[in-house]
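Tertiary structure, described
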Amino acid sequence: MDIANEGLERQRAKRKRVARMKKMIVSTLLIFILITTCVMTFLVIEVISLQKQLDALTANMAVAETVEDTEEMVDDSFLDNVYLVDNIDNIAEEGDIPLVYLTFDDGPSENTDAILDILDDYNVKATFFVVGQDTEIYGDEYRRIVDEGHTIGMHSYSHNYSKIYQSSDSFIADYNKIHDLILDVTGVDTKYYRFPGGSSNKVSNSSMSVFINYLNQEGAVYYDWNVASGDATSQAFTADELVDNVMKDVVKYKTSVVLLHDASNKDATVEALPRLIESLNEAGAMILPITDDTTIIQHVSVVQ
Ligand code: ZN
């Protein structure tokens, strides 16, 4: 009996040891799995966070490139050099009354009426370089520009740089389309033109001289600008900054042609307009619409 009991005891003890070992192995495995899961989770979070940082950096780079592109399309950085060299006669002298021409490109738009209302409030005349819009929708705006005494000019029909500047033929077709639209809707046979991107644009593959010669031939005259409000760049200037951008430059010149935009997404321009007019009035400037007597401001010109 004792021997049998002893054997049984030993077996029980052995089973207990095996059970303990099993438990230890299972616990170790569980702990291992737990730690691995924790590490994995941490790594996954870390990867997601890095991915987000990378996305943000890539997005920033894209924005920076867009800003560069836009600035290149509406390049005014060279103006200080080219303009000063070519137009030394236009540098303001003591006692000059600054002549300021506010020009609005890209309209008519949802903002045209607001811009016209403000100009009317201050009894100021400006110049609108318009593009081709649906006349069913914007016919009244084209007409209102003219009826209220502003100058209407052409800014191409399509505003599509690559199409317009593709060839002499495409430029001429586009020119006639916008010229005739304005004539049909307003009765004005305008000869004022503003090149999309300015005559200095770097988008045109053809030499701008081809297009400039065509305008000359048509008796049309193109106006660039020597003061940029900055509302064309993708950098979102506040209304106050737009006013400052203009005011710091208009004091330099006898004649300032100011680049502004009449476009649905340019609300800051509308917001800036009353303050801009007030600031110009305070500075003793005369705000005028472009006429045949206006000093012609051009970035590039072609000698006939
Ligand atoms: Zn434009």
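Just so we're clear, the structure is a prediction, and the values are computed from it rather than from any experiment.

1. Points about helix H8 (residues 239-250)
- Taking 1.5 Å as the rise per residue, H8 with twelve residues should run 16 Å; its terminal C-alpha atoms sit 17 Å apart, in good agreement.
- Along H8, the positions that sit buried rather than exposed are Ala 239, Leu 242, Val 243, Asn 245, Val 246, Met 247, Asp 249 and Val 250.
- Elements in contact with the buried residues of H8: strand S1 (99-105), strand S6 (227-228), strand S7 (255-261) and helix H9 (267-282).

2. Section: unusual backbone geometry
- Gly 107 connects to Pro 108 through a cis peptide bond whose omega is -5 degrees.
- When you line up the elements, Pro 108 lands in the loop between S1 and helix H3 (112-121).
- Non-glycine residue Asp 106 carries a positive phi angle of around 80 degrees.
- As for its placement among the helices and strands, Asp 106 is situated in the loop between S1 and H3.
- In this structure, Asn 123 is a non-glycine residue whose phi angle is positive, near 55 degrees.
- Structurally, Asn 123 is set in the loop between H3 and strand S2 (127-130).

3. Some details on the coordination of the zinc ion
- In the first shell of the zinc ion, the protein supplies Asp 106 (OD), His 155 (NE2) and His 159 (NE2), at 2.1 Å from the metal.
- Here the donor residues of the zinc ion share one chain and are spaced in sequence as D-x48-H-x3-H. Here His 159 lies in the loop between strand S3 (151-154) and helix H5 (161-164) and Asp 106 lies in the loop between S1 and H3, a separation of 53 residues in the sequence.
- Assessed through its relative accessible area of 25%, His 159 is described here as partly exposed.

4. Brief notes about the environment of Thr 103
- Tracing the backbone through its elements, the reader meets Thr 103 in strand S1.
- Among all residues touching Thr 103, those that are not within four sequence positions of it are Thr 127, Phe 129, Arg 194, Val 257, Val 258, Leu 259, Leu 260 and Ile 290.

5. Remarks on a nonpolar patch on the surface
- Residues Ile 31, Ile 35, Val 39, Phe 42 and Leu 43 make up a contiguous nonpolar surface patch of about 490 Å² in total accessible area.
- Looking at the secondary structure, you find Ile 35 in helix H1 (residues 2-73).

6. Here we look at helix H6 (residues 168-186)
- The first and last C-alpha atoms of H6 sit 27 Å apart over 19 residues, in line with the 27 Å expected at 1.5 Å per residue.
- Along H6, the residues classified as buried are Ser 170, Phe 171, Asp 174, Tyr 175, Ile 178, His 179, Leu 181, Ile 182, Val 185 and Thr 186. Looking straight down H6, one finds its buried side chains confined to an arc of 160 degrees; they lie on one side. In H6, the exposed positions that point more than 90 degrees away from the buried face belong to Asp 169 and Asp 184.
- Against the buried residues of H6 lie S2, helix H4 (135-147), S3, H5, strand S4 (192-193) and helix H7 (208-218).
- Where H6 terminates, the next one or two residues include Gly 187, which has phi positive at roughly 85 degrees.

Definitions and limits used
- Residues numbered from 1 in each chain as written.
- Predicted model: local features only at pLDDT ≥ 70, side-chain atom pairs only at ≥ 80, totals over all residues.
- Heavy atoms only, no water.
- Helix = DSSP H or I, 4+ residues; strand = E, 2+ residues; numbered from the N terminus.
- Expected span 1.5 Å × (residues − 1).
- Buried < 20%, exposed > 50% of the residue type's maximum accessible area, 1.4 Å probe, protein only.
- Contact = heavy atoms within 4.5 Å.
- Donors = N, O, S within 2.8 Å, 3.2 Å for Na, K, Ca; no water.
- Patch = residues over 30% accessible without salt bridge, like charges linked within 9 Å, V, L, I, M, F, W, Y side chains within 5 Å.
- Areas by Shrake-Rupley, 256 points an atom, 1.4 Å probe, with all protein chains shown as cover.
- Salt bridge = Lys/Arg side-chain N within 4 Å of Asp/Glu carboxyl O.
- Arc of directions from axis to C-beta.

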